[in-house]
Amino acid sequence: DAIIVENDKLLVIDKPAGVAVHGGSGLSFGVIEVLRALRPEDSLELVHRLDRDTSGCLLVARKASALRVMHALLREGLFEKRYLTLLKGHWPHGRTRIDVPLRTDMRVSGERTVQAHASGKAALSDFRPLQFFGKRATLMEVGLLTGRTHQIRVHAAHAGHPVAGDEKYGDADFN
């Protein structure tokens, strides 16, 4: 079952990789549009987003009051967002905080892309190696202190260790 938790204020959805959270970028619908169609009596709003290729827990508010509370918790940093990701190469830095601003208004060959750039918005990620696979790859836990678009993917690539399977910011040969 895709619903992990349900109460009168919140739904927690187990979102698989490959499924968009909302329509856009050539898609007419995503998780939120499907939920709204199935539950027209609820006032459903996304608390946060996950990239289409990211699996994980997606929080959906069932009431405007719950959405306000959840957004306040996110703004105040009282919410932990942790991810597991496989990165290219042997991560030599141990536990590392990457504090590199990200710009989301950049275009590469007409495609919207995110870049590490001094004029971008603040972005903080904590990287912690969990397991090494020789020199080939490192399994990492990444904690997000901000929630910028493609933050983990861009910070990892900026550190020289792109996310495995990432076609946009990754290493084609490694993928």
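Residues numbered from 1 in each chain as written. Predicted model: local features only at pLDDT ≥ 70, side-chain atom pairs only at ≥ 80, totals over all residues. Heavy atoms only, no water.

K.L.:
Could you give me a rundown of the side chain of Thr146, with the residues and numbers involved?
P.N.:
The topology assignment puts Thr146 in the loop between β10 (137–144) and α3 (151–158). Reaching out from Thr146, the side chain makes a polar contact with the backbone nitrogen of Leu124 at a distance of 3.0 Å. Polar contacts involving the side chain of Thr146 include one to the side chain of Gln151, which spans 2.9 Å. Aside from chain neighbours lying at most four places away, what touches Thr146 is Lys81, Ala122, Ala123, Leu124 and Gln151. (Helix = DSSP H or I, 4+ residues; strand = E, 2+ residues; numbered from the N terminus. Polar contact = N/O pair within 3.5 Å; in protein donor to acceptor, adjacent residues only side chain to side chain. Contact = heavy atoms within 4.5 Å.)

K.L.:
Outline the environment of Ala20, listing residues and values.
P.N.:
Relative to the elements of secondary structure, Ala20 occurs in the loop between β2 (10–15) and α1 (31–38). Among the residues examined, Ala20 registers a relative accessible area of 10% and is labelled buried. Spatially, the C-alpha atoms of Ala20 and Val31 are 6.4 Å apart, while their sequence positions differ by eleven residues. (Buried < 20%, exposed > 50% of the residue type's maximum accessible area, 1.4 Å probe, protein only.)

K.L.:
Can you break down unusual backbone geometry residue by residue, with the values?
P.N.:
Residues other than glycine seldom take positive phi values, yet His150 does so here, at roughly 60°. Looking at the element boundaries, His150 is found in the loop between β10 and α3.

K.L.:
Can you lay out the packing of aromatic side chains for me, pointing to particular residues and giving the numbers?
P.N.:
Using the criterion set out here, one finds one aromatic pair in the structure. Here Trp91 and Phe127 contribute two aromatic rings whose centre-to-centre distance is 5.2 Å and whose plane-to-plane angle is 15°, an arrangement assigned as stacked. Taken as a pair, Trp91 in the loop between β5 (81–88) and β6 (96–99) and Phe127 in strand β9 (residues 124–133) lie far apart in primary sequence, 36 residues in all. For the pair shown, Trp91 and Phe127 are each scored as buried. (Phe/Tyr/Trp six-rings, centres within 6.5 Å; stacked < 30°, edge-to-face > 60°.)

Don't take any of this as a statement about function, it's just geometry.
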